[in-house]
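Topology and contacts: notes
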2 protein chains.
Amino acid sequence: MPKPLPLLTAAPVVRRDAARNREALLQAAAELVERCGVADLTTDAVAARAGVGKGTVFRRFGSREGLMASLLDHREQEWQASVISGPPPLGPGAPPMERLLAFGASRLRHHREQAALIEAAGSTWGENYAVLGFVALHVRMLLTQLGVHGDLGYLATALVAPLSVPVLRQQIDVGGLTEEQVIAGWTDLVRRVVGADSPA
Amino acid sequence: MPKPLPLLTAAPVVRRDAARNREALLQAAAELVERCGVADLTTDAVAARAGVGKGTVFRRFGSREGLMASLLDHREQEWQASVISGPPPLGPGAPPMERLLAFGASRLRHHREQAALIEAAGSTWGENYAVLGFVALHVRMLLTQLGVHGDLGYLATALVAPLSVPVLRQQIDVGGLTEEQVIAGWTDLVRRVVGADSPA
């Protein structure tokens with residue numbers, strides 16, 4: 001059995017009413033993002049919808065960026081859970097090459113859906129090493145199962161790098177590729193990297 | 001002959017004294033970065049060293065970030081010139097695989113040397129599409145010369161992505177790889193991508 005991968009750490013223990021306010025604010029922020037997008041989200045509107053004072057937003061999350069980062073953490077945990085224990089081919093049970101290709105397509109869609117939120121959360125979240133560590137370890141485990149030789153830690157980070165939000169913006173929003181072309185390109189990249197050792 | 005690659009655009013035309021102040025401020029900033037590093041650089045110190053008022057820094061560069069970005073532009077232009085017309089194997093004259101591997105090692109060293117400046121310049125510079133466009137077109141040209149088939153635009157951006165500052169920080173500063181290990185890893189990645197079409 002592969003080792004369990006590091007998950008994002010849970011929020012620190014807080015008093016019960018503080019925790020309740022935190023959940024209410026995250027729920028309100030999620031609903032407002034869903035309805036109006038990230039750009040128009042104000043902490044005033046989130047506080048009003050959650051029925052708390054504006055000061056509570058800053059006590060619980062530090063800043064608007066911190067609120068966005070917490071909302072992202074929640075979605076990242078859901079996505080990680082689908083990798084660890086969701087249905088195949090993203091989750092366990094499919095052959096490793098199928099899992100790897102499903103990972104790439106799923107990571108791309110997740111990043112495209114969360115791109116505005118990731119940018120609003122700032123560089124602190126975008127370069128979150130707990131998140132990067134999880135995806136790199138997952139890819140490394142699959143490369144091991146595929147019998148790839150070489151510096152698998154390096155190859156894993158190199159395969160994950162083109163799935164980052166800034167690169168996807170460059171390829172899709174600036175370069176005019178479709179999501180399907182990017183997935184096809186990444187699939188080709190993976191087959192070249194893996195195929196050098198074990199034609200798949 | 002390959003098409004000329006897009007260069008960073010030159011600074012807009014400014015009055016002669018404004019241009020002189022601009023050059024003096026860039027020179028002062030470069031000297032202070034060299035001596036004290038980026039973190040301790042203040043616009044006050046740059047203005048004092050250049051012999052101009054502090055307001056001139058903001059009139060010429062908009063902000064501290066803008067000054068850092070202009071300093072970077074200057075170094076990026078020098079680096080691009082070494083790719084376009086410098087000595088081989090980075091410049092023209094070497095076989096395409098040698099040029100590609102020299103590009104990766106040189107880009108890594110350039111990004112490591114400029115990392116603090118790139119971070120100080122903020123996301124505006126780090127995701128500068130003129131810069132990304134130059135490196136991606138250069139790699140694409142070399143992949144064409146190497147006879148690689150497939151979506152070369154995609155493969156070029158995928159090969160450039162692991163050379164970005166955040167990925168290098170993750171690999172070297174967090175993951176503990178040496179620069180030599182990263183260069184070896186990137187070389188292996190390139191050989192896998194190119195070798196699938198034409199064993200090199």
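By convention here, each chain's residues receive numbers from 1 onward along its written sequence. To label them, take the chains in the order written and letter them from A, then take the ligands in the order written and number them from 1. Owing to the predicted nature of the model, reporting of local features is limited to residues with pLDDT of at least 70; listing and counting of side-chain atom pairs is limited to 80 or more, with chain, interface and lining totals taken over all residues. Think of the side-chain values as coming from all heavy atoms in the structure, minus any hydrogens and water.

By the naming in an unreviewed UniProt entry, chain A goes by TetR/AcrR family transcriptional regulator and is assigned to Nocardioides humi.

**Some thoughts on the interface of chain B and chain A**
Applied cut-off: In this description, contact between two residues means that some pair of their heavy atoms is separated by no more than 4.5 Å. Two parts lose some accessible area (1.4 Å probe) when they are put together, and adding that loss for both gives the buried area. Polar contact is the term for a pair of N or O atoms within 3.5 Å; when the atoms are in protein, one must be able to donate a hydrogen and the other to accept it, and sequence-neighboring residues count only if both atoms are side-chain atoms. The helix and strand labels rest on DSSP assignments: H or I over at least four residues marks a helix, E over at least two residues marks a strand, and numbering proceeds from the N terminus. Three classes are used, and their members are as follows: Ala, Val, Leu, Ile, Met, Phe, Trp, Tyr, Cys and Pro are nonpolar, Asp, Glu, Lys and Arg are charged, and the others, Gly among them, are polar.
On the chain A side, the residues contacting the 30 residues of chain B number 30 residues. When chain B packs against chain A, close to 2500 Å² is buried across both sides, 64% of that on carbon and sulfur atoms. Taken together, chain B and chain A are joined by six residue pairs in polar contact (both at pLDDT 80 or more). It is helix α10 (residues 179–195) of chain B that provides the largest number of residues to the side of chain B that touches chain A, a total of seven residues. A breakdown of the residues in the side of chain B that touches chain A according to their chemical character gives 18 nonpolar, six polar and six charged.

**A few points about the relation of the copies chain B and chain A**
Put simply, the two copies of the chain differ by a rotation about an axis and a shift along that axis. Convention followed: Only residues with pLDDT of at least 70 in both copies count here: their C-alpha atoms drive the least-squares fit that superposes the copies.
Note on the copies: chain B fits chain A at an RMSD of 0.0 Å, the axial shift is 0.0 Å, and the rotation between them is 180 degrees. Such a turn and shift between the copies fits a two-fold axis. The residues that chain B uses at the interface reappear at the interface of chain A in 100% of cases, marking a shared surface.

**Section: the side chain of R99 of chain B**
Residues and elements named next belong to chain B. What counts is decided by this rule: Remark: exposure states derive from per-residue accessible area (1.4 Å probe, protein chains only) relative to the maximum for the residue type, with buried under 20%, exposed over 50%, and partly exposed in between. The convention is simple: Lys and Arg are positive, Asp and Glu are negative, and His and the chain ends are not counted. Here, a salt bridge means any side-chain nitrogen of Lys or Arg that lies within 4 Å of a carboxyl oxygen of Asp or Glu.
Take R99: it is sitting in helix α5 (residues 96–121). Despite its burial, R99 remains without a salt bridge, the nearest opposite charge being carried by E98 at 9.3 Å. Of note is the side chain of R99, whose polar atom sits 2.8 Å from the backbone oxygen of V83. Those residues in contact with R99, other than ones at most four positions away along the chain, are V83, P89, L90, G91, P92, A94, H138, M141 and L142.

**Remarks on helix α1 (residues 16–36) of chain A**
All names here are of chain A. Here is the rule we go by: Helix span, expected: 1.5 Å multiplied by one less than the number of residues in the helix.
Compared with the 30 Å implied by 1.5 Å per residue over 21 residues, the 30 Å span of α1 between its first and last C-alpha is a close match. Each element contacted by the buried residues of α1 is listed here: α2 (43–50), α3 (54–61), α4 (64–85) and α5 (96–121). Once α1 finishes, G37 follows within two positions and takes phi at roughly 85 degrees, a positive value.

**Quick word on the side chain of R107 of chain B**
On the secondary structure map, R107 of chain B appears in helix α5. In contact with R107 of chain B, other than residues within four places in its own chain, are E76, W79, V131, V135 and L163 of chain B.

**Section: the UniProt feature "DNA-binding region" (unreviewed entry) in chain A**
This is how it is decided: UniProt positions are given in the numbering used here, feature names are shortened, and annotations may be inferred rather than shown by experiment.
The UniProt entry lists residues 42–61 of chain A under the feature "DNA-binding region" (unreviewed entry), expressed in the numbering used here. Along residues 42–61 of chain A one finds 80% helix and 0% strand; the C-alpha atoms at either end are 14 Å apart.

**Some details on the packing of α5 of chain B against α10 of chain B**
Residues and elements named next belong to chain B. In plain terms, the rule: Lines fitted to C-alpha atoms define the axes, with helix axes restricted to the stretch in contact, and inter-axis angles between N-to-C directions lie between 0 and 180 degrees. For a crossing to be left-handed, the near helix must be turned anticlockwise from the far one by less than a right angle; the clockwise case is right-handed.
Contact geometry for α5 and α10: axes closest at 10 Å, N-to-C directions at 145 degrees. With respect to the hand of their crossing, α5 and α10 are arranged in right-handed fashion. The residues of α10 that touch α5, namely those facing M97, L100, L101, F103, G104, A105, L108, R109 and R112, are E179, V182, I183, W186, T187, V190, R191 and V194. Within the contact of α5 with α10, the residues separate by chemical class into 11 nonpolar, two polar and four charged.

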